[in-house]
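Now for the letters of each chain:
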Amino acid sequence: MADGSLTAKRQEIALLRRLEERILWLASWTIHNANHLRESRDGLKVGGHQASCASMTTLMTALYMKALRPKDRVAVKPHASPVFHAIQHLFGRQSLENLQKFRSMGGAQSYPSRTKDVDDVDFSTGSVGLGVAMTAFASLAQDYLAARGAVKPEAMGRMISLLGDAELDEGNIYEALIEACKHDVRNTWWIVDYNRQSLDATTQDRMFTRYGEIFEAAGWKVETLKWSKRQREAFARPGGEALKTWIETAPNDLYAALSYQGGAAWRERLAADLADDAAALKLIASYKDGDLAELMTELGGHCLETLLEAFENAGHDDAPRFFIAYTVKGLRLPFQGHKDNHSGLMTPTQIAELRDRLGVVEGEEWDPLSGLSAAERTALKGLIARAPFAADVDRRPVAPTIATPKADELLEAVAGGGEQSTQAAFGKVMFEIARRTDEFAGRVVTTSPDVTVSTNLGGFVNRRGVFHRRAHEDVFKRRRIPSAQVWSMVETGQHVELGIAENNLFIVLAALGLTAPLFGERLFPVGTLYDPFIARGLDALNYACYQDARFLLVATPSGLTLAPEGGAHQSINAPVIGMAQPGLDTYEPAFADETAVLMAHAFDRIQNPDGCSTYLRLSTRVIAQPERDGDAWRQGTIDGAYWLKAPAPGAKLAVVYSGALAPEALAAFEALTEDMPEVGLLAVTSADVLHRDWTASGRSRWTGEGARVSSTIETLLSPLDRDAGLVTLTDGAPLALSWLGSVRGQRVRALGLEVFGQSGDLPDLYGEYRLDADAVLDACADLLA
Ligand SMILES: Cc1ncc(C[n+]2csc(CCOP(=O)(O)OP(=O)(O)O)c2C)c(N)n1
Ligand SMILES: [Mg+2]
């Protein structure tokens, strides 16, 4: 390298180092302000993680100021949020006010949030491990779009996760790693802040070499960034090798303790341990205490040169990469290396000391370039402006609107009445969609954790193929072996095959459900699984919803009604889970036509700016379909309920049911009408939508906002007598419907599942668990008594 460019490079590193110090400062000060300076109204600790931030500032400076390009997407370690917002502030994308309001309402969020932060958050994080997996599946989504020409090769970005080393204990990371391997995922970097500390303590040594082996086994390139340039230079000197060996073989806790205690402690311990090595002792003696401490603790993850070089080298191909960047938690802060430092906050004296050490002027704490010379300020501003990531690129593209099918079009697929199950109806609608040639059909993407066939997606997949970057013919088909299912993998396939890992299903849905804001291309993701296994991926489902990813989730079969499959598969709490999950409308249709109407509605909601995702809880139970008169059921299905049999005004009793128990409710209703012709039968397709509408309507009355006075359920229940009784029947926790009694203060007998089921046929199980018509009649008698 010519001397000139070498000097320029050195100058740039020096500037970056200065900038990095200021990012460390701003992140530390942001947390300090929130905890020590801002008024507290509730006495609660505000919190924030100064040590976790300090661990990562070098890494994030190298990335954001040099390595990242606008097309790259990042999931930032949740508790490094202040560093992220500080950098965004330097780029002019985060206001000072929001930094000052860190962790308070409307301010910079505790953990980076796509939906709640105003700056450029690509992926929300918070629940450790999920953001990591998200980047692999975002890359898969990018590949899916690239295969269709929807993302051009030059526009493909890297999906990067910055994670803590303790995050590596989260099992969902390895589920994602396995799936990523099967899908040949590329353009993914996972960069570990390897400080060997978790929340509670210093972590065990035993996994040191194993992580690299695990990732290598999965086909990733592993880059271990253990040493800084300063260390490499020192190790090359006489006696240096011994120093290197000492660090390599030292137990984590001892290394951490000495990092905390500082130069004198380092000297004492090293002198004792290396007493037989004259060259090493001489080398140690050549450092002052402070310099010795810096030498021992400035590991690879704190070295800009090392990081920049690694990112630069890795940028030449698209292989997935696992970087292990060695760091010290809390480096340069008074509690560096201390095992209890996770939630440690600097005292006012300590932060003042840091401020003075970094050259920030007292009173100018919010000015990131305070105390610097005019020349340095100009140079740093230039450096920030030249960062590739600072380029004025719209990172929130708006996807064109796609025409989604009308309910009438999907209804045709299930026409004919007769006897059907909602799961079969779902399959028919998907088959009909697969047949369509419109833009919408080409943008539907299905996915399932190894239950594609048993959830009735098979027809769709037969027509549309399985997605894979590397085409693979269905050998059974080629050999003309009869099979109901074609499993041909092609780049343009529209089904993303997943192994049995429900966590992955939800994170894939999160990624596919965010392609519109991430890549400017709308997909309509449909994911299927067995209803009980929603619980398996609940945090990931919540994660997807929290980011406002849009998809249709189809859970089938469900409830006690999957009877012979046994108690372990029967889902009890799912309806309540659905009700309690924001960002997800939960429906449980009973009939095929309701299912078709709800699917059309769900596709519309995926795209609607004010929409959300939809969860359909379906069943394999084949039941007689109703004769419809009029169209009111259609809007009612979407609004959450309609009278399948309207009550006479003043009726003293109504039966209310959800989903697959419709025949039992109907049988009880028919028995009742012999004596009480005024009784009504209410079909509830969504306890969730009904409940939310009811509470919103109540709120609007108190606040005076909104013109609505009466909610759907209030209107529906209004013909009944004030003292009427309601018997509710649902194949799940009775809580899902028991609240109906509060709407008008009516008495309720709520039937549902409160204990685990067992294998059996429907008459046995409905009898045993009191979900049959007799149970409804008993409950009615009790109410009328
Ligand atoms: C799923 C989940 N469990 C627990 C937590 C609480 N928590 C936050 S950070 C953390 C550990 C942090 O260790 P590490 O990932 O190594 O990050 P560091 O702060 O050391 O950089 C824990 C347990 C969480 N955020 N998410
Ligand atoms: Mg850690």
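Structure report, in brief.

### Observations regarding the coordination of the magnesium ion (ligand 2)
The expected angle between donors at a tetrahedral four-coordinate metal is 109.5 degrees. At an octahedral six-coordinate metal it is 90 or 180 degrees.
Part 1 of the reasoning: Protein coordination at the magnesium ion (ligand 2) comes from Asp 165 (OD), Asn 195 (OD1) and Gln 197 (O), with a distance range of 2.0 to 2.1 Å.
Part 2 of the reasoning: Asn 195 sits in the buried class, given a relative accessible area of 7%.
Part 3 of the reasoning: Under the relative-accessibility criterion, Gln 197 is labelled buried at 4%.

### Some details on the sheet that holds strand S19 (residues 725-729)
Either a parallel or an antiparallel arrangement is found when strands of a sheet pair, and the pairing is made through backbone hydrogen bonds.
Part 1 of the reasoning: Strand order in the open sheet made by the 5 strands is S16-S18-S17-S19-S20, with mixed pairing throughout. The sheet is open, and its two borders are formed by strand S16 (641-645) and strand S20 (747-751), each paired with just one other strand. Here the average twist between neighbouring strands, direction ignored, is 25°.
Part 2 of the reasoning: Two elements, strand S17 (residues 653-658) and strand S18 (residues 680-684), share 5 bridges in a ladder whose sense is parallel. In the sheet register, Val 655 faces S18, and the bridge partner there is Leu 681.

### Looking at the pattern of salt bridges
Part 1 of the reasoning: For the coordinates displayed, the defined rule picks out 54 salt bridges.
Part 2 of the reasoning: Ionic pairing is found between Arg 18 and Glu 376, a salt bridge with its closest N-O pair at 2.9 Å. With Arg 18 in helix H1 (residues 3-37) and Glu 376 in helix H16 (residues 374-386), this pair connects stretches of sequence that are 358 residues apart.
Part 3 of the reasoning: In this structure, the salt-bridge partner of Glu 362 is Arg 355, at a minimum N-O distance of 3.7 Å.
Part 4 of the reasoning: Classification of Arg 355 as buried rests on a relative accessible area of 9%.

### Regarding helix H11 (residues 263-273)
Part 1 of the reasoning: Buried within H11 we find Gly 263, Ala 265, Trp 266 and Leu 270. Along the axis of H11, the buried positions cluster into a sector of 160°, meaning they face one direction only. Facing away from the buried surface of H11 by more than 90 degrees, the exposed residues are Glu 268 and Ala 272.

### Brief notes about the packing of aromatic side chains
Part 1 of the reasoning: Scanning the model with the defined rule gives 24 aromatic pairs in all.
Part 2 of the reasoning: Where Tyr 194 meets Tyr 211, the ring centres are 6.4 Å apart and the plane angle is 85°; that geometry is what we call edge-to-face. Of the two residues, Tyr 194 is situated in strand S3 (residues 188-194) and Tyr 211 in helix H7 (residues 210-217); the sequence distance between them amounts to 17 residues. Of the two residues examined, Tyr 194 and Tyr 211, each falls in the buried class.
Part 3 of the reasoning: With a centroid separation of 5.5 Å and 65° between ring planes, the pair formed by Tyr 255 and Trp 266 is classed as edge-to-face. With Tyr 255 in helix H10 (residues 252-261) and Trp 266 in helix H11, this pair connects stretches of sequence that are 11 residues apart. Of the two residues, Tyr 255 and Trp 266, both sit in the buried class.
Part 4 of the reasoning: Taken together, the ring pairs connect Tyr 174, Trp 190, Phe 215, Trp 220 and Phe 322 into an aromatic cluster.
Part 5 of the reasoning: Over the ring of Tyr 111 we find Arg 103; its NZ or CZ atom is 5.5 Å from the centre of that ring.

### Let's talk about the site of ligand 1
Part 1 of the reasoning: Around ligand 1, a shell composed of 18 residues is seen, among which Ser 52, Lys 77, Asp 165, Ala 166 and Gln 197 lie nearest.
Part 2 of the reasoning: Here an oxygen atom of ligand 1 and a side-chain polar atom of His 79 are 2.9 Å apart.
Part 3 of the reasoning: One nitrogen or oxygen atom from the main chain of Gly 126 is found 2.9 Å from a nitrogen atom belonging to ligand 1.
Part 4 of the reasoning: For ligand 1, whose unbound accessible area comes to 580 Å², protein coverage reaches 76%.
Part 5 of the reasoning: When its residues are assigned to classes, the shell around ligand 1 shows 3 nonpolar, 9 polar and 6 charged.

### Observations regarding the pairing of S18
Part 1 of the reasoning: Burial analysis of S18 places 5 of its 5 residues in the buried class, which makes it a mostly covered element.
Part 2 of the reasoning: Across the two faces of S18 the burial is the same, with Gly 680, Leu 682 and Val 684 and Leu 681 and Ala 683 all buried.
Part 3 of the reasoning: Relative to S18, S16 is paired through 4 bridges, and the arrangement is antiparallel. Looking at the pairing, Lys 645 lines up with Leu 681 of S18.

### Some thoughts on helix H12 (residues 278-285)
Part 1 of the reasoning: Buried residues of H12: Ala 280, Leu 283 and Ile 284, and no others. Axial view of H12: buried residues confined to an arc of 100°, hence all on one face. Opposite the buried face of H12, at more than 90 degrees from it, the exposed residues are Ala 278, Lys 282 and Ala 285.
Part 2 of the reasoning: Packing partners of the buried residues in H12 comprise helix H8 (229-235), helix H9 (240-249), H11 and helix H13 (289-297).
Part 3 of the reasoning: Between a side-chain oxygen at the N-terminus of H12 and the backbone nitrogen of Ala 279 the separation is 3.2 Å; the capping residue is Asp 277.

### Side note on the sheet that holds strand S2 (residues 159-164)
Part 1 of the reasoning: Strand order in the open sheet formed by 5 strands is S1-S2-S3-S5-S4, with parallel pairing between adjacent strands. Only two strands of the sheet have a single neighbouring strand rather than two, namely strand S1 (73-75) and strand S4 (221-225). Averaged over neighbouring strand pairs, the angle between their axes works out to 15° when direction is ignored.
Part 2 of the reasoning: The pairing of S3 with strand S5 (residues 321-326) spans 6 bridges and is classified as parallel. Note on S5: the bridge partner recorded for Trp 189 is Arg 321.
Part 3 of the reasoning: Along the sheet, helix H5 (residues 130-147) contacts S1, S2 and S3; its crossing angle with S2, the most-contacted strand, is approximately 170°.

### Digging into the side chain of Ser 686
Part 1 of the reasoning: Mapped onto the elements of the fold, Ser 686 is located in the loop between S18 and helix H29 (687-703).
Part 2 of the reasoning: A relative accessible area of 1% places Ser 686 in the buried class.
Part 3 of the reasoning: For Ser 686, the side chain forms a polar contact with the main-chain oxygen of Thr 586, separated by 2.6 Å.
Part 4 of the reasoning: Leave out the neighbours within four places in its chain, and Ser 686 touches Thr 586, Tyr 587 and Gly 640.

### A word on the nonpolar core
Part 1 of the reasoning: Trp 190, Trp 246, Phe 322 and Leu 553 are the most contacted members of the largest nonpolar core, which totals 94 residues.
Part 2 of the reasoning: Broken down by element, the residue count for this core peaks at 13 residues, all from H5.
Part 3 of the reasoning: Grouped together as the second largest cluster of nonpolar side chains are 73 residues, Ile 402, Ile 433, Leu 457 and Ala 592 included.

The rules behind the values
Residues numbered from 1 in each chain as written. Chains lettered and ligands numbered in written order. Predicted model: local features only at pLDDT ≥ 70, side-chain atom pairs only at ≥ 80, totals over all residues. Heavy atoms only, no water. Donors = N, O, S within 2.8 Å, 3.2 Å for Na, K, Ca; no water. Buried < 20%, exposed > 50% of the residue type's maximum accessible area, 1.4 Å probe, protein only. Pairing = 2+ DSSP bridges. Helix = DSSP H or I, 4+ residues; strand = E, 2+ residues; numbered from the N terminus. Axes fitted to C-alpha atoms, helices over the stretch in contact; angles between N-to-C directions. Salt bridge = Lys/Arg side-chain N within 4 Å of Asp/Glu carboxyl O. Arc of directions from axis to C-beta. Phe/Tyr/Trp six-rings, centres within 6.5 Å; stacked < 30°, edge-to-face > 60°. Lys NZ or Arg CZ within 6 Å of the ring centre and 35° of its normal. Near = heavy atom within 4 Å. Polar contact = N/O pair within 3.5 Å; in protein donor to acceptor, adjacent residues only side chain to side chain. Areas by Shrake-Rupley, 256 points an atom, 1.4 Å probe, with all protein chains shown as cover. Nonpolar A, V, L, I, M, F, W, Y, C, P; charged D, E, K, R; others polar. Contact = heavy atoms within 4.5 Å. Core = buried A, V, L, I, M, F, W, Y, C linked by side-chain atoms within 4.5 Å.

Read these as layout, nothing more, since geometry by itself doesn't imply function.
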